[in-house]
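# Structure assessment
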Amino acid sequence: MKNTAFIISEYDPFHNGHKYHIEQTRQAGAKRIICLMSGNFVQRGDIAFCDKYSRAKFAVDNGADLVLEIPVKNVLSGAGYFAAGATGIITLTGLNATLSFGSSANTKELKELSKKIGSVEFQNNVDIYSRENGTNHALSAYKLLLNSDPQKAQILKDPNNILALEYIKAMSDIDIFSVKRDTLFHDSSETSDKFASAKYIREEIYKTGSIQSVKEFLPENVFISLSEMMSRGEAPSDKNKFSALAMYRLISMDKNEFAEINGINQGLENRIYSAIRESSELYSLYDRVKTKRFTHSRIRQALVSSVLGIKRSDLDRPLPYIRVLGFNGEGREIIKEIRSLSSVPLIMNLSEAPDCKEKELDYRVGKLYDICRPSPLNKNAEFASKPYVSQ
């Protein structure tokens, strides 16, 4: 374990499992922890449960030193682009660090599997299987492994492992540390002791309108903060508002516009265009578009990218700046160090960003999120808000 550790995260919302991960990374030897976190939209292809500055606060108040934002164009992409966005920030910081992540497989197993599935021969076989069976790349890889190495195939059933494999692929020479997730759940309805998945926590709060039923799964300071945010109308985000705004944007687009969007290819634009004409609500639209080849996750990411106007060409542009979302005293020193090493600026809010397409996109994303709060903001948080600073 290096002196500095990065954790790639979403914290939507921050729960006991996330705190456990940070604590285990500290115990393994990390003196400084930097969290790379999605912003107001998250990788499952949805609006975040609560805003990015609040989630950064939860992280800093529970052991992180610095929180940086993963670009939304990478967040709303497949595992490979998500990993590339996060590891790209690590490279830009210039820091010599360990990457810490949670997975159900250990570091040795992940490295061995990464080598196997990364071979040209295996990838060619995946392409052939995918064409012959009409399945997506991930499912094709799983099916092939199930026939040749069932034990390794089980590793691919955990989304956390898939992301970990992408991290290893993106930065083959980086030092990695895996926190074993024996009792933590990814997108599961199961709970254990003080642990539950972020999905379970979100759904319980949306269903009951109360945070009380999930209190045991949250650090006390997060429970108090979220309770106060909910009472002020700051959380959770209003999914019905987002659905209505998203549908208006989607029905305003033509096939050619869809064809340019990140994640839309292989004729998917035709299927989306037709399905929109038969739908009046975003979340049911996903089910209409889904096929064996196009997973629910990919459909959500593609449609939300359509709403935000994220094109395939946007993924090719290098990151023009790094956004700071929160920090403590140690984090302040890390910021100074990164500024001396990085080739791009570290910014505290959007007013400091150079003029570019990323700045325009961040503005649109932030404004849309502000509108979808229970009580919409009358200011533009992307320019007015400052990172959370721990006192």
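Please read these numbers as outputs of a predicted model, since none were measured by experiment.

### Brief notes about helix H12 (residues 239-251)
Counted at 1.5 Å a residue, the expected span for H12 with its 13 residues is 18 Å, and the 18 Å between its end C-alpha atoms agrees. Among the residues of H12, Phe242, Ser243, Ala246, Met247 and Leu250 are the ones counted as buried. Viewed end-on, H12 has its buried residues packed into an arc of 130°, placing them on one side of the element.

### Some thoughts on the packing of aromatic side chains
In total, this model carries 8 aromatic pairs according to the counting rule given. Consider the rings of tyrosine 283 and tyrosine 286, whose centres lie 5.7 Å apart with planes at 90°: the pair is edge-to-face. Highlighted residues: tyrosine 283 and tyrosine 286, both in helix H15 (residues 282-289), separated by 3 residues, approximately one helical turn. Judged by centre distance (6.2 Å) and plane angle (55°), the rings of tyrosine 363 and phenylalanine 383 are tilted. Here tyrosine 363, found in helix H18 (residues 357-371), pairs with phenylalanine 383, found in helix H19 (residues 381-384); they are 20 residues apart in sequence, far enough to count as distant.

### Things to note about the nonpolar core
Core analysis: the biggest nonpolar cluster contains 69 residues, and Phe41, Leu226, Phe242, Leu250, Leu285 and Leu308 have the highest contact counts within it. Per-element accounting of this core gives the leading share, 6 residues, to helix H16 (residues 296-308). Of all hydrophobic cores here, the second largest spans 48 residues; its members include Ile89, Leu95, Leu110 and Leu145.

### Quick look at the layout of surface pockets
Taking a probe equal in size to a water molecule and rolling it over the atoms shows the remaining empty space. Of the volumes computed, that of the second largest pocket is approximately 230 Å³. Looking at the second largest pocket, it is lined by 15 residues, and the ones nearest its centre are Asn74, Ala84, Arg317, Pro318 and Leu319. With 6 residues, the single largest contributor to the lining of the second largest pocket is helix H4 (residues 79-93). Class assignment for the residues of the lining of the second largest pocket results in 9 nonpolar, 3 polar and 3 charged.

### Examining the state of the cysteines
Enumeration over the complete set of coordinates arrives at 0 disulfides. Residue cysteine 35 stays outside any disulfide, its sulfur separated by 15 Å from that of cysteine 50, the closest cysteine. On the basis of relative accessible area, cysteine 35 is assigned to the buried category, the value being 0%. As a non-bridged cysteine, cysteine 50 has cysteine 372 as the owner of its nearest cysteine sulfur, 14 Å distant. Judged by relative accessible area, cysteine 50 falls into the buried class, the value being 0%.

### Here's the deal with the pattern of salt bridges
Using the criterion set out here, one finds 23 salt bridges in the structure. For arginine 32, the salt bridge identified is with glutamate 337, shortest N-O distance 2.9 Å. Residue arginine 32 is found in strand E2 (residues 32-37), and its partner glutamate 337 is found in helix H17 (residues 329-341); the two are separated by 305 residues along the sequence. The class for arginine 32 is buried, based on a relative accessible area of 11%. You can call glutamate 337 partly exposed: its relative accessible area is 30%. Salt-bridge contacts for glutamate 234 lead to arginine 232; the nearest nitrogen and oxygen are separated by 2.9 Å. Residue class for glutamate 234 comes out partly exposed when judged on its relative accessible area of 27%. Relative accessible area serves as the criterion here: at 46%, arginine 232 is assigned to the partly exposed category. Connected via shared salt-bridge partners are Lys52, Glu69, Arg323, Asp362 and Glu382.

### Considering the pairing of strand E5 (residues 66-69)
Along E5, one buried face is formed by Leu66 and Leu68 and the opposite face, lined by Val67 and Glu69, is buried too. By the bridge criterion, 4 bridges tie E2 to E5 in an arrangement that is parallel. Residue pairing across strands places isoleucine 34 opposite leucine 66, the latter belonging to E5. Sheet analysis places E5 next to strand E10 (residues 322-327), joined by 3 bridges and oriented antiparallel. Residue pairing across strands places valine 67 opposite glycine 326, the latter belonging to E10.

### Focus: empty space enclosed by the protein
Per the counting criterion, the structure on display carries 2 cavities of 30 Å³ or more. Each pocket or cavity is described by its volume, and for the largest cavity that value is around 130 Å³. What lines the largest cavity is a set of 13 residues, among which Pro71, Val72, Leu319, Tyr321 and Asp362 lie closest to the centre. Where the lining of the largest cavity is concerned, the elements lending two or more residues are helix H3 (72-75), E10 and H18. Among the elements that line the lining of the largest cavity, the one with the most residues is H18, at 3 residues. Among the residues forming the lining of the largest cavity, the class breakdown is 8 nonpolar, no polar and 5 charged. The space that makes up the second largest cavity amounts to roughly 40 Å³. Considering the residues around the second largest cavity, the lining is formed by Asn40, Lys52, Glu69, Arg323, Asp362, Val365, Gly366 and Glu382. In terms of residue count, the dominant contributor to the lining of the second largest cavity is H18 (3 residues). Class assignment of the residues belonging to the lining of the second largest cavity gives a composition of 1 nonpolar, 2 polar and 5 charged.

Each value, and the rule that gives it
- Sequence order as written defines residue numbering, which begins from 1 separately in each chain.
- Reporting of local features is limited, given that this is a predicted model, to residues whose pLDDT is at least 70; pairs of side-chain atoms are given and counted only at 80 or more, and all residues count toward the totals for whole chains, interfaces and linings.
- The basis for every side-chain value is the complete set of non-hydrogen atoms in the structure, without hydrogens or water.
- Each helix is a run of H or I in the DSSP string that is no shorter than four residues. Each strand is a run of E no shorter than two, and both are numbered from the N terminus.
- The span one expects for a helix is its residue count, reduced by one, times 1.5 Å.
- For every residue, the accessible area (1.4 Å probe, protein chains only) is compared with the maximum for its type, and the residue is labelled buried under 20%, exposed over 50%, or partly exposed between those bounds.
- To obtain the arc, one takes the directions from the helix axis to the C-beta atoms.
- Whether two aromatic rings pair depends on their centres lying within 6.5 Å, for rings of Phe, Tyr and Trp, where Trp uses its six-membered ring; planes under 30 degrees apart make the pair stacked, over 60 edge-to-face, and the rest tilted.
- We call a set of buried residues a nonpolar core when its members are Ala, Val, Leu, Ile, Met, Phe, Trp, Tyr or Cys and they connect through side-chain atoms within 4.5 Å of each other.
- A cavity, in this analysis, means grid points on a 1 Å lattice covering only the protein atoms where a 1.4 Å probe fits yet has no way out; a pocket is instead an open set bounded by protein on both sides within 12 Å along at least five of seven lines, and a residue lines either one if it has an atom within 4 Å of a point.
- Grid points are joined across faces, edges and corners, and a volume is the space filled by probe spheres set on the points.
- By the convention adopted, Pro, Cys, Tyr, Trp, Phe, Met, Ile, Leu, Val and Ala count as nonpolar, Lys, Arg, Asp and Glu as charged, and the other residues, Gly among them, as polar.
- Criterion for a disulfide: a pair of cysteine sulfur atoms at a distance within 2.5 Å.
- A side-chain nitrogen of Lys or Arg and a carboxyl oxygen of Asp or Glu constitute a salt bridge if their distance falls within 4 Å.
- In this scheme, strands are said to pair when DSSP sees at least two bridges between them.

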